[in-house]
Amino acid sequence: MSLKSERRGIHVDQSELLCKKGCGYYGNPAWQGFCSKCWREEYHKARQKQIQEDWELAERLQREEEEAYASSQGTQGAQSLTFSKFEEKKTNEKSRKVTTVKKFFGASSRAGTKKEVQEAKAPSPSIHRQASIETDRVSKEFIEFLKTYHKPGQEIYKQCKIFLDAMHHKRELSIEEQSECAQDFYQNVAEKLQIRWKVSPEKLEKAMDQIEKYIMTRLYKYVFCPETTEDEKKDLAVQKRIRALHWVTPQMLCVPVNEDIPEVSDMVVKAITDIIEMDSKRVPHDKLACITKCSNHIFNAIKITRNEPASADDFLQTLIYIVLKGNPPRLQSNIQYITRFCNPSRLMSGEDGYYFTNLCCAVAFIEKLDAQSLNLSNEDFDRYMSGQTSPKKQEPESWSPDVCIGVKQMYKNLDLLSQLNERQEIIVSEAKKLERDLIDWTDGIAKEVQDIVEKYPLEIKPKNPPLAAIDSENVENDRLPPPLQPQVYAG
Amino acid sequence: AGGGGGRSFSFKVVLLGEGCVGKTSLVLRYCENKFNDKHITTLQASFLTKKLNIGGKRVNLAIWDTAGQERFHALGPIYYRDSNGAILVYDITDEDSFQKVKNWVKELRKMLGNEICLCIVGNKIDLEKERHVSVQEAETYAESVGAKHYHTSAKQNKGIEELFLDLCKRMIETAQVDERARGNGSSQSGTARRGVQIIDDEPQVQSSGGCCSSG
Ligand SMILES: Nc1nc2c(ncn2[C@@H]2O[C@H](COP(=O)(O)OP(=O)(O)OP(=O)(O)O)[C@@H](O)[C@H]2O)c(=O)[nH]1
Ligand SMILES: [Mg+2]
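About the cut-offs
Residues numbered from 1 in each chain as written. Chains lettered and ligands numbered in written order. Predicted model: local features only at pLDDT ≥ 70, side-chain atom pairs only at ≥ 80, totals over all residues. Heavy atoms only, no water. UniProt positions renumbered as here; feature names shortened; annotations may be inferred. Helix = DSSP H or I, 4+ residues; strand = E, 2+ residues; numbered from the N terminus. Buried < 20%, exposed > 50% of the residue type's maximum accessible area, 1.4 Å probe, protein only. Contact = heavy atoms within 4.5 Å. Near = heavy atom within 4 Å. Polar contact = N/O pair within 3.5 Å; in protein donor to acceptor, adjacent residues only side chain to side chain. Areas by Shrake-Rupley, 256 points an atom, 1.4 Å probe, with all protein chains shown as cover. Axes fitted to C-alpha atoms, helices over the stretch in contact; angles between N-to-C directions. Parallel < 35°, antiparallel > 145°, perpendicular 65-115°, else oblique. Left-handed = near helix turned anticlockwise from the far one by under 90°. Nonpolar A, V, L, I, M, F, W, Y, C, P; charged D, E, K, R; others polar.

As annotated in an unreviewed UniProt entry, chain B is Ras-related protein Rab-21 from Sphenodon punctatus. Taken verbatim from the UniProt record of chain B, the Sequence similarities (unreviewed entry) comment is "Belongs to the small GTPase superfamily. Rab family."

An unreviewed UniProt entry annotates chain A as Rab5 GDP/GTP exchange factor originating from Sphenodon punctatus.

Written out as structure tokens, the structure reads:
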């Protein structure tokens, strides 16, 4: 192998190519300079350490709980998770990760053999590092949070662990059944907290949020847009649909926001950003928070435009517009995921629930939208849908204000140019007319002169003969007395 | 009963009715005591909440306005699923708006059965002279479909407190009947998923009705 690199003429220090561990094999930057074998070992060690730390925390909580329980109850020993059970779960989690990695590599994963699984193992550490760091951070925060709840905190932790364990074995169930399990879990924990531990409503709500965060951070990758559902297909369909509706103007939707006002267009941009951001969150509650943020920006935009509180119609129309403009990724998957795995009390009657419901309405509206929904004739609608014409070209006044300022300026300039062109044409035609007039005038003059000339023809008389001959033609000369003759007088 | 054994309920109530019958005016009057206020500070009137204390029972009322334009009609079921109550508003000077209410009732009963508490509300009674819907007819109709009828004026603030108070009482009753039917104690999963949250809460949490929050 060393020969190979020399032959290629690349000079690399041998030590740089070798595994950092010094085992003699070659390392790979993808495995942080280790060879695949040593990397697996190193990674395993790090994982193991994490598991150990995690466990120690859990164990401490457990111990504290048992002590508290023992002191209050005397004999009854609290049932605890055994270490081996915990270990088993962790190992299972690891092998599960491998299968999800394979998911990324395409549909063939189902037919995967043992050998493929082995090969797929190699990239898993780097790909999953980010996600697992996040998961671990959430776990630590969760445990920290539960400490403030004392005894109920330990109870919650135990319940969550049992639930996650149970969910692991239910991976083969349909997503609806898994959702049912999660909903039952939320309900049971909530009931236990209220009835057995007498937790106040405020603390209950906080605890439920934290529980949701903890369990859903862990379940996300298995239950978001699962392969067993049509979710992905629906996502693509909605996305395509929204793209096909690019020509819809705010006027057609009667959107009560005026984007010519800079603050309003600012709000619109923020609302779009929020709704797009939803897809990046893992916890249903965080996704809901994005929808709520988006809604508040919408309300502000309406408020600035119209200075009155937004009604349900105003809000829905604007939300539809925002969704059409933003075309947020994986809309259906996100809606389904939230519906299936969000804490139900938040979704059913809370403010977040109201905005979420409106988002569902907006998507349903977009899916079914037809000519009547936009007050268009069927012919126009079909022409716009097929891309034959665009409403923008026909009525420049209704350009959607989303075109950027540069493009707007360009349209304005084009407008000016066409106006100039018109004026130029008028000038040219006037000039032509003037020219014609001039020609007519000269012609007229010429004709007049001609007429006059004809009327009064010019007779040019022959030139007078020389003086000597002056008399010759003078007829009357004959009648003249003969010229006086000179006379001589004698004197 | 005041004090002891304070329970807490969360209810979702949807507002339905034709445009301009006064839905928004009714809720704004109820939650913020405002009518056609030019200096309105409310950001939105589509989702409003009110906290009440009815005989020691705490009620969290969430009032959902619904988009009423004809083109949004098909979205109705998405709005009203899981609601505990519905307020169907018509304008007493507008016969058509009463017909619309009848359509809503049919649809709601079909989709949600008898679990939902229905209120039919004749609004704008300050315009009694222009009345086009007879009191007799409206009340008889309401009774025939198991709904309660109310007369209100958002303008003059008449009948609104009674409407909401009465509705809350009926919703509490329904929730309790529900609970008993399921056998006390650990209630079935359906309850929470329908948004009725029954909580044994500590007595210090909130002072009695009248306080309200929005947006
Ligand atoms: N005289 C009188 N006018 C009322 C009353 N309630 C509402 N109005 C008026 O009726 C008009 C419509 O009221 P809204 O509250 O906007 O009606 P809405 O049902 O919310 O209408 P949409 O949001 O369009 O569906 C407004 O001009 C109100 O001032 C009332 O009790 N008496
Ligand atoms: Mg309204």
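On we go.
A.B. asks: Describe the overall build of chain B, and please don't skip the residues or the numbers.
C.D. replies: Counting secondary structure elements, chain B contains six helices and eight strands. Counted from the first residue to the last, chain B has its helices and strands arranged as β-α-β-β-α-β-α-β-α-β-α-α-β-β. Looking at chain B as a whole, 51% of its 215 residues qualify as buried. A sequence separation of at least 24 residues applies to 74% of the contacts in chain B between residues at least 6 apart.

A.B. asks: Which residues make up the site of ligand 1, and what values go with them?
C.D. replies: Residue and element names in this part refer to chain B. Taken together, 17 residues sit near ligand 1, with C20, T24, S25, D126 and A154 positioned nearest. Side-chain polar atom of T24 to an oxygen atom of ligand 1: 2.7 Å apart, as the coordinates give it. A distance of 3.2 Å is found between a nitrogen atom of ligand 1 and a side-chain nitrogen or oxygen belonging to N123. Contact with the protein chains covers 76% of the free accessible surface of ligand 1, which is 650 Å². Considering each element in turn, the shell around ligand 1 owes the most residues, three residues, to helix α1 (residues 23-32).

A.B. asks: Report on the packing of helix α7 (residues 150-169) of chain A against helix α8 (residues 175-196) of chain A, specifying residues and quantitative values.
C.D. replies: Residue and element names in this part refer to chain A. Two elements in contact, α7 and α8, have axes whose closest approach is 11 Å; the angle formed by their N-to-C orientations is 165 degrees. As judged from the angle between their axes, α7 and α8 are roughly antiparallel. In the crossing of α7 with α8, the sense of the turn from one axis to the other is right-handed. Facing P152, E155, I156, Q159, C160, F163 and M167 of α7, the residues of α8 in contact are Q178, C181, A182, F185, V189, K192, L193 and R196.

A.B. asks: Explain the packing of α1 of chain B against helix α5 (residues 160-181) of chain B to me, and be specific about the residues and the numbers.
C.D. replies: Residues and elements named next belong to chain B. Following both chains from N to C, one finds α1 and α5 inclined at 85 degrees, their axes separated by 10 Å at the closest point. Taken together, the axis directions place α1 and α5 in an arrangement best described as roughly perpendicular. Contact residues: α1 offers L26, R29 and Y30, while α5 offers I160, E161 and F164. For the contact of α1 with α5, a count of residues per class yields four nonpolar, no polar and two charged.

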